[in-house]
Amino acid sequence: MGPRMIVTVKQVPDTHNITGEAMKEDGTVNRAALPAIFNPEDLNALEEALKIKDQLGGTVICISMGPPNAAEVLKECLYRGADDVVLVSDRRFAGADTLATSYALKCAIEKVGGYDLILCGRQAIDGDTAQVGPQIAEKLGINQLTCIAAVVQVDEQSITVKRSVEDGYEIVRSQFPVLLTVTAEANQPRTAKAKLVMSYKNIGKELCDDSYDEAYLSPGTCSAVSHIKEWNVESIGADPQQCGLSGSPTKVKKIQSVVLTACESKQIPNTEAGIAELMHELIAENIIG
Ligand SMILES: Cc1cc2nc3c(=O)[nH]c(=O)nc-3n(C[C@H](O)[C@H](O)[C@H](O)COP(=O)(O)OP(=O)(O)OC[C@H]3O[C@@H](n4cnc5c(N)ncnc54)[C@H](O)[C@@H]3O)c2cc1C
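Residues numbered from 1 in each chain as written. Predicted model: local features only at pLDDT ≥ 70, side-chain atom pairs only at ≥ 80, totals over all residues. Heavy atoms only, no water.

Engineer: How should the sheet that holds strand 8 (residues 158-165) be read in this particular structure?
Structural biologist: Think of a sheet as strands paired side by side through backbone hydrogen bonds, with each pair either parallel or antiparallel. The strand order across the open sheet formed by 10 strands is 9-8-7-10-6-1-4-5-12-11, and the pairing between neighbours is mixed. Each edge of the open sheet is held by one strand with a lone partner, namely strand 9 (168-175) and strand 11 (205-207). In this sheet, adjacent strand axes meet at a mean angle of 35° when their direction is disregarded. Two elements, strand 5 (residues 84-88) and strand 12 (residues 228-231), share three bridges in a ladder whose sense is parallel. When the bridges of strand 12 are listed, Val 86 appears paired with Lys 229. In the packing of helix 4 (residues 132-140) onto the sheet, the strands contacted are strand 1 (4-8), strand 6 (117-121), strand 7 (143-154) and strand 10 (178-182), and the crossing angle to strand 10 comes to about 175°. (Pairing = 2+ DSSP bridges. Helix = DSSP H or I, 4+ residues; strand = E, 2+ residues; numbered from the N terminus. Axes fitted to C-alpha atoms, helices over the stretch in contact; angles between N-to-C directions. Contact = heavy atoms within 4.5 Å.)

Engineer: Help me out: how do you make sense of the confidence of the model for the protein in this one?
Structural biologist: Detailed reading of predicted coordinates is not advised where the pLDDT is low. Looking at the protein as a whole, its pLDDT mean stands at 88, while 85% of the residues score no less than 70. With pLDDT under 50 throughout, residues 215-222 is counted as low confidence; its partners more than four residues away or in other chains account for 18 contacts. (pLDDT = per-residue confidence, 0-100.)

Engineer: In this structure, what is going on with the site of the ligand? I would like to understand it.
Structural biologist: Of all residues adjacent to the ligand, which total 29 residues, the nearest are Asp 42, Ala 96, Asp 97, Ala 124 and Thr 129. Met 65 places a main-chain nitrogen or oxygen 2.9 Å from a nitrogen atom of the ligand. One nitrogen or oxygen atom from the side chain of Asp 126 is found 3.2 Å from an oxygen atom belonging to the ligand. If the ligand stood free it would expose 920 Å²; the protein chains cover 87% of that surface. Of all the secondary-structure elements, those providing two or more residues to the shell around the ligand are strand 4 (59-65), helix 3 (98-112) and strand 6. Here the shell around the ligand is built from residues that sort into 12 nonpolar, 11 polar and six charged. (Near = heavy atom within 4 Å. Polar contact = N/O pair within 3.5 Å; in protein donor to acceptor, adjacent residues only side chain to side chain. Areas by Shrake-Rupley, 256 points an atom, 1.4 Å probe, with all protein chains shown as cover. Nonpolar A, V, L, I, M, F, W, Y, C, P; charged D, E, K, R; others polar.)

Engineer: Please clarify how a nonpolar patch on the surface should be interpreted in this entry.
Structural biologist: A surface patch of nonpolar side chains, about 430 Å² in accessible area, is lined by Ile 275, Met 279, Ile 283, Ile 287 and Ile 288. By secondary structure assignment, the location of Ile 275 is in helix 6 (residues 272-284). (Patch = residues over 30% accessible without salt bridge, like charges linked within 9 Å, V, L, I, M, F, W, Y side chains within 5 Å. Salt bridge = Lys/Arg side-chain N within 4 Å of Asp/Glu carboxyl O.)

Engineer: I'm lost on the pairing of strand 9 in this one. Help?
Structural biologist: Consecutive side chains along a regular strand alternate between the two faces of the sheet. In the sheet, strand 8 pairs with strand 9 via eight bridges, with the strands oriented antiparallel. Within strand 9, the residue paired with Ile 159 across the bridge is Ser 174. Two successive antiparallel strands, strand 8 and strand 9, enclose a turn made up of two residues.

Now the structure itself:
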């Protein structure tokens, strides 16, 4: 039958393109003003889930919390072979810090239910905290394996992974259910399939409150997804006080681009002595070593 897998995917501002309008007066990020992209390591998390599905079967359900246009990253998931997608969207989620974000995602994951494996990216390129994955696992009370560089072995009950640690790797095994955070090192994400792009490019969103449709996704009956499920605060049974700005002890005060400008330059002779002198200087200035 294969594992039931949930992948959390985030739409992020293209941080190579930060402009003056990046922040709103209320301290929330002005996502509409910034070009939005698929968080890179979430593509690696999705790829790992799809590889396991290729090997063992099972289902892949992708969840994203974000503004209405975050539906674009969910379409990208369908174009690559995800079985179902859910957009968790409500103005009351705006300004969420990692505590409030992981709370809302935990509620949505519980609504889907029956999961064996949850896959997140190690980190998002905007907040860069790498906190949401571990926080979701904590709130669900399940094991977590972070910074995954490779999946070594997986079967119907457990998974063995290679984790990146400070000075190398470690091999760890966990029974299901378990949450993984996946790094860019783990795989080369597949590209969108033309046939799936044609079937899903005009897919619409539909706000729905009903419970997650079990039969709908039982293996072998996976019919094409007819719409992107949209869930708000009530749909996921969340406490509004724990969502968005009201549920966030931390607030982003200001974000701005850091542009590195060269202040002085020095010619290094391409000799043993020249390179040795350069290495010595870099170590002395704690730039390396
Ligand atoms: C510049 C900046 C600095 C910030 N600093 C902080 C801070 O110090 N503390 C703090 O609490 N908040 C901070 N935030 C807010 C934080 O970005 C949001 O809370 C965000 O939703 C989650 O944190 P993250 O971006 O660090 O994600 P990470 O924890 O790095 O994300 C890890 C993984 O969790 C999943 N994930 C994260 N967000 C979502 C989502 N919305 N939908 C689906 N999956 C998701 C993805 O798989 C992602 O790869 C910051 C935001 C910005 C823009």
